[in-house]
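# Overview (structure and organization)
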Amino acid sequence: MTGETPPADAPQEYTGPVVAIPVYAGVSELELGVMVSVLRLCGGEGCVRTVNRSRASIVTAGGLVSTPHVLFAALPEPAALLIPGGPGAAKTARDPLLQGFLRSHAALTTGTSGSGLLLPGEAGTLDGRVLGGPAELADTLWGFTPADVRPGEVVTDGALCSAPSGFAALHAALHVASALWGEQAARDAAARLGGSPLLG
């Protein structure tokens, strides 16, 4: 029968903004975990979609097995991107499907950490940007023709936040959370995770 009201205890379909996180074999589970935790604290369970060219399970840098939520073709239109780093980033950055995805969403609010910067770099979307990121990648980042590279720093340049590796991914995640759900929600999430409440 059409028009029936669903039971009161039925799960509600998520209708808020979606953040896409490209994942790949060798992704840092620390950076991915920090990003997912911040988003879920701010936007709830349905706001995160990990995405890959395949739904096959991947193995993270630390050996955890993870299954991407969706294929690129099945991803709802994202409101923002988060790009974690990891030992597999350099190989993944050469994937033409991923490059096309990143180029088509280059204007979105984006946070990236560690070697995750290689993904938008190889896609050609870091040209003219001011970048932070890991000190050990500084020479490589200059190859993507940015306006400036500030090794070891967290840098926000317009819609893009780039951060060093590891727990510094928190800054990238807070940048996206603040843009989508407000600065106070991001500060609250940072406090709950035990990180710095300072944004930017």
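Rules used throughout
Residues numbered from 1 in each chain as written. Predicted model: local features only at pLDDT ≥ 70, side-chain atom pairs only at ≥ 80, totals over all residues. Heavy atoms only, no water. Helix = DSSP H or I, 4+ residues; strand = E, 2+ residues; numbered from the N terminus. Buried < 20%, exposed > 50% of the residue type's maximum accessible area, 1.4 Å probe, protein only. Areas by Shrake-Rupley, 256 points an atom, 1.4 Å probe, with all protein chains shown as cover. Lys, Arg positive; Asp, Glu negative; His and termini not counted. Charge placed at Lys NZ, Arg CZ, Asp CG, Glu CD. Pairing = 2+ DSSP bridges. Contact = heavy atoms within 4.5 Å. Axes fitted to C-alpha atoms, helices over the stretch in contact; angles between N-to-C directions.

Let us look at the overall build of the chain. Along its length, the chain carries 7 helices and 11 strands. Counting only C-alpha atoms, the chain reaches 60 × 35 × 30 Å along its principal axes. A buried classification covers 48% of the 200 residues belonging to the chain. Accessible area of the chain: about 9,200 Å², with a carbon and sulfur share of 54%. When the 11 positive and 17 negative side-chain charges of the chain are each reduced to one mean point, those points stand 4 Å apart.

Further remarks concern the side chain of aspartate 95. Along the chain, the position of aspartate 95 falls in the loop between helix H2 (89-92) and helix H3 (96-104). Overall, the relative accessible area of 16% leaves aspartate 95 in the buried class.

Here we take up unusual backbone geometry. Both trends apply: most residues other than glycine have a negative phi, and most peptide bonds are in trans. Here threonine 145, not a glycine, exhibits a phi torsion of approximately 50°, which is positive. Structurally, the position occupied by threonine 145 is in the loop between helix H5 (138-142) and strand E9 (148-149).

With that settled, the discussion passes to the pairing of strand E11 (residues 160-163). Side chains Leu160 and Ser162 of E11 all project onto a buried face; the interleaved residues Cys161 and Ala163 project onto the opposite face, where all are buried too. Pairing analysis gives 4 bridges linking strand E7 (residues 109-113) to E11, with the strands arranged parallel. When the sheet's bridge partners are listed, threonine 112 is paired in E11 with serine 162. Both strand E10 (residues 155-157) and E11 contribute to a ladder of 3 bridges, which runs antiparallel. From the neighbouring strand, aspartate 157 faces E11, where its bridge partner is leucine 160. In sequence, E10 turns back onto E11 through a hairpin of 2 residues, with glycine 158 there showing a positive phi of about 65°.

If you trace the 7 strands from one edge of the open sheet to the other, you get E5-E2-E1-E6-E7-E11-E10, paired in mixed fashion. One side of each edge strand has no neighbouring strand; the edge strands of this open sheet are strand E5 (70-71) and E10. Note: strand E1 (residues 19-22) against strand E2 (residues 48-52), 4 bridges, orientation parallel. Looking at the pairing, isoleucine 21 lines up with threonine 50 of E2. Sheet strands in contact with helix H1 (residues 29-43) are E1, E2, strand E6 (80-83) and E7, and its direction is about 170° off that of E1. Contacting E1, E6, E7, E10 and E11, helix H6 (residues 169-181) runs over the sheet at an angle of about 170° to E7.

As a further point, take the side chain of threonine 92. Structurally, the position occupied by threonine 92 is in helix H2. In this structure, threonine 92 is in contact with Tyr24, Leu98 and Leu119, ignoring residues within four places of it in sequence.

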